[in-house]
Amino acid sequence: MIENKNKATRLMKVFILILFVLLSSQIRAQNYIGLDVENDFIQLKESIKKYNPALYKYNPLFDDKSDSLQNSIPTDSLSAFEAFSFFSKLCALSSEGHFSLGNWEDNVHSGFIENTFKYLPISVKIIDSSLLIWIDFSSEQAFNVGDEILSINGMSSSDILNTLYKSIPADGDIRTYIDRKIELGFSWLFYLYVFRSENFSIETINREGKTKVTKIQALYRDKQIENFSKYYPEKSTKTEELSPFHTLDFNGNFAVLALPTFSYNKIKELNLKSKRFYKDIFKEIDQREIEHLIVDLRGNTGGRNEFADDMVSFIRKPKIEIPFLKRTQSWEGRTRTYKVPRRSRFAFSGKIYVLVDGLTYSAANTLARYLFELANAEIIGEETGTRFEGFAAGSKQAVVLNNSKIRIGIPRYHIYFPESSKQKTVNRGLLPKHVVKYSISDYELGNDLHMKMALSLIK
């Protein structure tokens, strides 16, 4: 009896030892020593300098800023999330938004999909640098739309936003782009870059000026989806239709052409050819003798460049001349100049109004610039998400960091335009003549202030 008990005790000790070893190895897999992180940092820094041909044009102080950031890397152990934060901040220092940071298979992202990460169950709107509750996915359901977040676990909302601003790569000083990106993924960006916790103490102030502190639990992704279906049945049960590549609507003497995406996959799926696509559209506009055209580029984050370039034939005014359409330079130094295409016989001769926001990005931003420069279009909305004078984009160079195995995509083509006489800025997006600002009530009611502004200008 005693012998069996001793044997059981020994087996239990062996089991505990094995469990300890497994857990320790798992912990080590999620942590790195400072030297390994610094070596990955140096590898990434040299790769950015090698592959981004626009680096020093838009950020001549990159070396000084990146050296300062490198010197702040601790020498002791860092979590995978702390390491990833340093890599993200380094990419952000390059003043370029066309980076890809990690993927859903690495150890700082996979837990969202695999339901091993518990994170903050709320989404937000950012208005005048304030964080406002938009959708509450929590089990407690203690918030109302429009409640302003003052702090989370004692960290002020301004400090939270500043942390995110430093971690998300963007062109130059374009805050609208980062704000819209944060709105799209606040909860998981908070988890990656701010802090991770099982519980949150959130201080808010409502629209009547009353403050309160609410405690909520972090939740897995599946539970947040379940709560969304439970607490927002009208939104969750709506039939999800495949979003169209474009819409073209006619109303009296004006037409609305919405282009929500230039997605590579969508174009391939629909087998679209840009020149034929635009010819069909502008031929119909011409036949209907339309006087005003609204081009809606809101939320279009880009894709195929020809869907920007090939509209030029149909929108350029006959007396506006520029030396070239655009130029590209590869990381290897190869350059290409694109000529301004000839004006089509179906070119639109009326007035054009362009609706843009912070997510009007990349190729969509290029199209907005063409409409502004070559068609004298009225720009309506907020500053666009991509640098007006040029940016690095095109294909990306994939770099896998040696120690952390994080995969970073670095843009390796510089796309730039002739100097503009209409907007002279540095490191800013296309600035609208007609600025539109939404309140939380506008979002709630679904007010389309962009379209209202365009229609008022038409009238």
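This text follows the structure it describes.
Rules behind the numbers
Residues numbered from 1 in each chain as written. Predicted model: local features only at pLDDT ≥ 70, side-chain atom pairs only at ≥ 80, totals over all residues. Heavy atoms only, no water. Helix = DSSP H or I, 4+ residues; strand = E, 2+ residues; numbered from the N terminus. Buried < 20%, exposed > 50% of the residue type's maximum accessible area, 1.4 Å probe, protein only. Contact = heavy atoms within 4.5 Å. Areas by Shrake-Rupley, 256 points an atom, 1.4 Å probe, with all protein chains shown as cover. Lys, Arg positive; Asp, Glu negative; His and termini not counted. Charge placed at Lys NZ, Arg CZ, Asp CG, Glu CD. Salt bridge = Lys/Arg side-chain N within 4 Å of Asp/Glu carboxyl O. Pairing = 2+ DSSP bridges. Axes fitted to C-alpha atoms, helices over the stretch in contact; angles between N-to-C directions. Core = buried A, V, L, I, M, F, W, Y, C linked by side-chain atoms within 4.5 Å.

Draft legend 1. The overall build of the chain, seen in detail. Helix and strand counts for the chain come out as 17 helices and 19 strands. Counting all 459 residues of the chain, 51% fall into the buried class. Counting contacts in the chain only where the partners sit at least 6 residues apart, residues at least 24 apart contribute 74% of the total. Surface exposure of the chain reaches about 23,100 Å², of which carbon and sulfur atoms provide 50%. The centroid of the 62 positive side-chain charges in the chain is displaced by 5 Å from the centroid of its 55 negative side-chain charges.

Draft legend 2. Inspection of the pattern of salt bridges at higher detail. Applying the stated criterion across every chain, the model contains 21 salt bridges. Across the pair Glu 183 and Arg 180 runs a salt bridge whose closest N-O atoms are separated by 2.9 Å. Taken together, the positions of Glu 183 and Arg 180, both in helix α8 (residues 175–193) and three residues apart, correspond to about one turn of that helix. When its relative accessible area of 13% is taken as the criterion, Glu 183 is described as buried. Taking the relative accessible area as the measure of exposure, Arg 180 reaches 11% and is therefore buried. Here Glu 383 ties to Arg 428 by a salt bridge, and the two come within 2.7 Å at their closest N and O atoms. With a gap of 45 residues between them, Glu 383 in the loop between β16 (378–381) and β17 (390–400) and Arg 428 in the loop between β18 (407–416) and β19 (434–435) connect regions that are remote in the sequence. Classification of Glu 383 as buried rests on a relative accessible area of 9%.

Draft legend 3. Expanded view of the sheet that holds strand β15 (residues 351–356). In space, the six strands of this open sheet follow the order β10-β11-β12-β15-β16-β19, with mixed pairing throughout. The open sheet has two edge strands, β10 (247–251) and β19, and neither has a second partner. Here β16 runs beside β19; their pairing, made up of two bridges, is parallel. Across the sheet, the residue bridging to Gly 381 is Val 435, located in β19. Contacting β10, β11 (254–258) and β12 (292–296), helix α12 (residues 274–287) crosses the sheet at an angle of about 5 degrees to β10. Most of the contacts of helix α15 (residues 363–375) go to β15, to which it runs at about 150 degrees, and overall it touches β12, β15 and β16.

Draft legend 4. Structural detail: the nonpolar core. Counting 63 residues, the largest nonpolar core has Ile 152, Ile 182 and Phe 186 as its most contacted members. Ignoring any residue separated from it by four or fewer positions in sequence, one finds Ile 182 in contact with Ile 126, Leu 161, Leu 164, Tyr 165, Ile 168 and Leu 189. In this structure, Phe 262, Ile 315, Ala 375 and Phe 391 belong to the second largest nonpolar core, which totals 46 residues.

Any link to function would need more than the numbers given here.
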